[in-house]
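# Report on the structure
Listed below are the residues making up each chain.
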Amino acid sequence: MKRTLYDIVFIGLSLSSSWGNGHATTYRSLLRGLATLGHSVLFLERDVPWYRDNRDLPHPDFCDLVHYGAASDLATTFAGPIKAANHVIIGSYVPEGVEVIDIVNQLRGGETWFYDIDTPVTLAKLARNDQEYLAPRQIPELEGYFSFAGGPALTTLENRYGAKAAFPLYCTVDADRYRPTGERLAWDLGYLGTYSADRQPALERLLIEPARRLPHMRFVVAGPQYPTDIDWPDNVERIDHLPPANHPSFYSRQRFTLNVTRQDMIANGHSPSVRLFEAAACGTPVISDRWDGLDDLFPNGRAILLADDSDDVVSLLLDRDEDWRLSIADAARSRVLAGHTGKKRAQELLFVLGHERAASQARSGLGSIQQFLA
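Below: a short report on this structure. For clarity, every value in this text was computed on a predicted model and none was experimentally measured.

## Brief notes about the sheet that holds strand E7 (residues 166-168)
Read across the open sheet, the 7 strands follow the order E3-E2-E1-E4-E5-E6-E7; overall the sheet is parallel. Only two strands of the sheet have a single neighbouring strand rather than two, namely strand E3 (64-68) and E7. Strand-to-strand, the axes of this sheet are offset by a mean angle of 25°, without reference to chain direction. Note that strand E1 (residues 8-12) and strand E4 (residues 87-91) share 4 bridges and pair parallel. Residue pairing across strands places phenylalanine 10 opposite isoleucine 89, the latter belonging to E4.

Printed below as a string of structure tokens:
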């Protein structure tokens, strides 16, 4: 650690490695935004072998990153900066998360915030008493609950689980790094995402089957942990892991990119993934499955294209109107640059931390918080 006093201490799943998780890119963009606004941040990350062996940002230049070995280290080695920080924010899916929250609450006498980058998954876990990283008893003790999902999830957190206040804090994109590269197109449709069993049927329906029907077109799927028994068509290229530095090039070389959503997030709605914002920022038109709230972010047919089945995707890919394709991409990119950059999200976070009472009036929707910032 370079100092002992920080404006904000984050304890999160991972900042150093994007392998198999979307947390890293979300944290990187948000923390860069905080640094741009002049705030000092310490990020504490559990040292685990699967991230240690796949670190693509071991030394960030926008915050201090320190690894710890066990939850108990937070009560000893890191007690000083945790106590002294203006704010401490603990993220979802932190190993031994329940113990981590208890330790930090004890050190700070409360005054602990939670940032859930998996809200619909968290709510499903709580409903079946799965306390992998958060216990129901802890939610009322939190100073506030930041949620990457908006909509009804916020009401559920407050009314069912007793959160003092739940605020939407969607994922974000670093607009300085995610932009069109101008490279030649290499694929007609691509997808970036770690394998998930509940997403795989949609990937089969919206990419793999269209690839079978369109053997003259080119497709790509990037991401780790896919089973070896998947029957990939010959015209589907596989990339096992794609570090964030290569994402802009990956998106820029696609005519269209696919957004596929986990079932818990579809059920809740209002849960845009970081990949959706990244692709849009790179000027790539997005084909997506449907969920409530998506049209508020990206109007269907103007800034995004929705598909229910293979026929829809095939039809979109066979439409060769380049001006129409680029108009979809431009509209989405404009929306991301206006409201979903790291700096914008950092402003929203700081507004709530500094003005919780006023911000509580805005917790029903991200757009309302943005009105306070206008």
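## A closer look at the packing of aromatic side chains
In the structure shown here, the tally under the stated rule is 14 aromatic pairs. Here the aromatic rings of tryptophan 50 and tyrosine 51 are separated by 6.4 Å at their centres, their planes lie at 65°, and the arrangement is edge-to-face. On the basis of relative accessibility, which here comes to 46%, the residue tryptophan 50 falls in the partly exposed class. Seen in terms of ring centroids, tyrosine 226 and tryptophan 232 are 5.7 Å apart; in terms of plane orientation they differ by 65°. Their pairing is edge-to-face. Judged by its relative accessible area of 11%, tyrosine 226 falls in the buried class. One aromatic cluster is present, formed by Phe10, Tyr27, Phe43 and Tyr115 through successive ring pairs.

## Overview of the environment of valine 121
Among the structural elements, valine 121 can be located in helix H6 (residues 119-127). In this structure, the C-alpha to C-alpha distance between valine 121 and asparagine 268, residues 147 residues apart in sequence, is 9.5 Å. Ignoring anything within four residues of it in the chain, the contact list for valine 121 reads Tyr93, Tyr133, Arg262, Asp264 and Met265.

Thresholds, definitions, all that
- Residues numbered from 1 in each chain as written.
- Predicted model: local features only at pLDDT ≥ 70, side-chain atom pairs only at ≥ 80, totals over all residues.
- Heavy atoms only, no water.
- Pairing = 2+ DSSP bridges.
- Helix = DSSP H or I, 4+ residues; strand = E, 2+ residues; numbered from the N terminus.
- Axes fitted to C-alpha atoms, helices over the stretch in contact; angles between N-to-C directions.
- Phe/Tyr/Trp six-rings, centres within 6.5 Å; stacked < 30°, edge-to-face > 60°.
- Buried < 20%, exposed > 50% of the residue type's maximum accessible area, 1.4 Å probe, protein only.
- Contact = heavy atoms within 4.5 Å.

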